[in-house]
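# Observations on the model geometry
Next come the chains, spelled out residue by residue.
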Amino acid sequence: MYRLVFTHVLRRLDAETVHHRTVRGLALLARTPLLKRLLHRALAPHDPALRITAFGVHFPGPLGLAAGFDKDAACAEAVAALGFSHVEVGTITAHAQPGNPRPRLFRLVGERAVVNRMGFNNAGAQAAARRLRRTRGVPAVVGVNIGKTKVVPEPEAAADYVTSAKELAPLADYLVVNVSSPNTPGLRDLQAVSLLRPLLTSVKEVCDGTPRRTPLLVKIAPDLADDDVDAVADLALELGLDGIIATNTTIAHDGPTGGLSGRPLKARSLEVLRRLRARVGDRLTLVSVGGVEDVDDVWERLLAGATLVQGYTGWIYGGPLWAARIHRRLARRVRLHGMTSIGEAIGRTAPR
Ligand SMILES: Cc1cc2nc3c(=O)[nH]c(=O)nc-3n(C[C@H](O)[C@H](O)[C@H](O)COP(=O)(O)O)c2cc1C
């Protein structure tokens, strides 16, 4: 059914227009308590075998929505009601900004991929904080992903992240420092350990100072050289971070300028996960994202050492019930393998 709607309606419309209409629809749903609760009851993961605890937070399942869809924290609860175990909102910057000129979002349907150069369009940290303060009608784990305001020069980057962290860390189930999006000039340079150390140290101080000690993760690019992946992993351990999210979109492609996501990213994303797991074992929570399309992909990431898995492009092509379907199939797979909990799958095929 969704395939028909996608082929005959959605793909004929401008990709960003579809995106905004979807977010608006879901924001409306988020404000409709009864429907939201009914959907949550029908679609959210409720099977105890799927429950996972990571960095002290309880997740009803492993599969969440990656950052970039709900940039302004407008509809996280509705997304959770559709079957995602968690929603990472953002990227949010300290100051509101319009992002890059349109068009800036392109579907590559034949490759089951998307290219975007959105450039962190968002209403800023204070506006997001106001939305996150609204009480939640359904249980939803909400991570908050923060990035650098475009006009802020690199020497002031840490202070800019700290402004966002102060506003948002107290409201987040976990906080993510995004230094890996390709569409803010100079952002990915912050992945160099010499710049990343002071940045993460300052943001961690903010997280450690919140009443619940907000867990802190860093999100990295697939285009890092392998040695740099190791260096970030070592730094995350040294600073006592809670985890690493790998990966963001890649610039290694021939399509329109921007970051590529979806199927072509799958192999590199898995490779980075395996490298991280080999480096840090189970001392950090690894969140795998990039090219996840179905239950086999999620299972493979778990076996390779991811505790949580995220997707975005797979949802665009898979339709609204994508996450609910995958969680249902995952529960079946857990039992098929004679396990009582999905936690038993994590890292099973990773070298010890
Ligand atoms: C349209 C779009 C916008 C995105 N915006 C962000 C963002 O603001 N911050 C971020 O950390 N990642 C962003 N991403 C990257 C995703 O979170 C994810 O890391 C990447 O798309 C790979 O996952 P996928 O192949 O499942 O889409 C965006 C991705 C897409 C497709």
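Reading the values: rules and limits
- Residues numbered from 1 in each chain as written.
- Predicted model: local features only at pLDDT ≥ 70, side-chain atom pairs only at ≥ 80, totals over all residues.
- Heavy atoms only, no water.
- UniProt positions renumbered as here; feature names shortened; annotations may be inferred.
- Helix = DSSP H or I, 4+ residues; strand = E, 2+ residues; numbered from the N terminus.
- Rg over C-alpha atoms; globule rule 2.2 N^0.38 Å.
- Buried < 20%, exposed > 50% of the residue type's maximum accessible area, 1.4 Å probe, protein only.
- Lys, Arg positive; Asp, Glu negative; His and termini not counted.
- Charge placed at Lys NZ, Arg CZ, Asp CG, Glu CD.
- Phe/Tyr/Trp six-rings, centres within 6.5 Å; stacked < 30°, edge-to-face > 60°.
- Salt bridge = Lys/Arg side-chain N within 4 Å of Asp/Glu carboxyl O.
- Near = heavy atom within 4 Å.
- Polar contact = N/O pair within 3.5 Å; in protein donor to acceptor, adjacent residues only side chain to side chain.
- Areas by Shrake-Rupley, 256 points an atom, 1.4 Å probe, with all protein chains shown as cover.
- Core = buried A, V, L, I, M, F, W, Y, C linked by side-chain atoms within 4.5 Å.
- Contact = heavy atoms within 4.5 Å.
- Expected span 1.5 Å × (residues − 1).
- Pairing = 2+ DSSP bridges.
- Axes fitted to C-alpha atoms, helices over the stretch in contact; angles between N-to-C directions.
- Patch = residues over 30% accessible without salt bridge, like charges linked within 9 Å, V, L, I, M, F, W, Y side chains within 5 Å.

Under an unreviewed UniProt entry, the name given to the protein chain is Dihydroorotate dehydrogenase (quinone), and the organism recorded is Nonomuraea corallina. UniProt's Catalytic activity (unreviewed entry) comment on the protein chain is quoted here verbatim: "(S)-dihydroorotate + a quinone = orotate + a quinol". Looking at the protein chain in UniProt, the text filed under Subunit (unreviewed entry) is "Monomer."

### What about the overall build of the protein chain?
Each helix and strand in the protein chain was counted, giving 12 helices and 13 strands. Relative to a compact globule of 352 residues, whose C-alpha radius of gyration would be 20 Å, the protein chain shows 19 Å and is just as compact. Counting only C-alpha atoms, the protein chain reaches 50 × 45 × 45 Å along its principal axes. Burial analysis of the protein chain (352 residues in total) assigns 59% to the buried set. Taken as two groups, the 47 positive and 33 negative side-chain charges of the protein chain have centres that lie 9 Å from each other.

### Let's talk about the packing of aromatic side chains
Aromatic ring pairs: the centre-centre distance and the angle between the two ring planes describe each pair. For the structure on display, the rule yields six aromatic pairs. Seen from their ring centres, phenylalanine 55 and phenylalanine 59 are 5.9 Å apart, and the 85° between their planes marks the pair as edge-to-face. Looking at phenylalanine 59, the relative accessible area reads 2%, which means it is buried. Taken together, a centroid distance of 5.1 Å and an interplanar angle of 85° make the contact between phenylalanine 84 and tryptophan 315 edge-to-face. One end of the pair, phenylalanine 84, is in the loop between helix H4 (76-81) and strand S4 (86-92); the other, tryptophan 315, is in helix H11 (residues 313-318), and 231 residues separate them in sequence.

### Let's talk about the pattern of salt bridges
Per the stated rule, a full pass over the model turns up 22 salt bridges. A salt bridge links aspartate 226 to arginine 268, with the shortest nitrogen-to-oxygen separation between them at 3.1 Å. Of this pair, aspartate 226 sits in helix H8 (residues 226-239) while arginine 268 sits in helix H9 (residues 266-280), and the two are 42 residues apart along the sequence. Residues aspartate 230 and arginine 279 are paired through a salt bridge, measuring 3.6 Å at the closest nitrogen-oxygen approach. Taken together, the residues aspartate 230 in helix H8 and arginine 279 in helix H9 connect sequence positions 49 residues apart. With relative accessibility at 9%, the residue aspartate 230 sits in the buried group. One connected set of salt bridges, linked through shared partners, spans Asp226, Asp230, Asp234, Arg268, Glu271, Arg275 and Arg279.

### Some thoughts on the site of the ligand
Taken together, the neighbourhood of the ligand is formed by 26 residues, with Ala67, Thr91, Gly262, Gly291 and Thr313 sitting nearest. For the ligand, an oxygen atom lies 2.7 Å from a polar atom in the backbone of alanine 67. Glycine 291 places a polar main-chain atom, nitrogen or oxygen, 2.8 Å from an oxygen atom of the ligand. Protein coverage of the free-state accessible area of the ligand, which is 600 Å², stands at 98%. Elements represented by at least two residues in the shell around the ligand include exactly S4, strand S6 (113-116) and strand S11 (259-262).

### Quick word on the nonpolar core
Judged by nonpolar contacts, the single largest core of 104 residues is most densely connected at Leu168, Leu175 and Val203. For this core, the leading source of residues is helix H12 (residues 322-336), giving seven residues. Filtering out sequence-adjacent residues up to four positions away, valine 203 remains in contact with Tyr161, Val162, Ala165, Leu175, Val177 and Leu216.

### Some details on helix H6 (residues 157-168)
When the terminal C-alpha atoms of H6 are compared, their 17 Å separation across 12 residues agrees well with the 16 Å that a helix rising 1.5 Å per residue should span. Inspection of H6 places Ala157, Asp160, Tyr161, Val162, Ser164, Ala165 and Leu168 among the buried residues, and these make up the whole buried set. Against the buried residues of H6 lie S4, helix H5 (125-133), strand S7 (141-146), strand S8 (174-178) and helix H7 (193-208).

### Some remarks on the sheet that holds strand S5 (residues 105-108)
The strands that make up a sheet pair up through hydrogen bonds in the backbone, lying either parallel or antiparallel. Pairing within the open sheet is antiparallel, and its three strands lie in the order S5-S6-S11. Where the open sheet ends on each side, the last strands, each with one partner, are S5 and S11. Taken pair by pair, the neighbouring strands of this sheet meet at an average axis angle of 25°, ignoring direction. Where S5 and S6 come together, four bridges link them in antiparallel fashion. Its bridge partner lying in S6, leucine 105 is registered against asparagine 116.

### Looking at a positive patch on the surface
On the surface, a cluster of positive charge is contributed by Arg31, Arg130, Arg131 and Arg134. Checked against the element boundaries, arginine 134 lands in the loop between H5 and S7.

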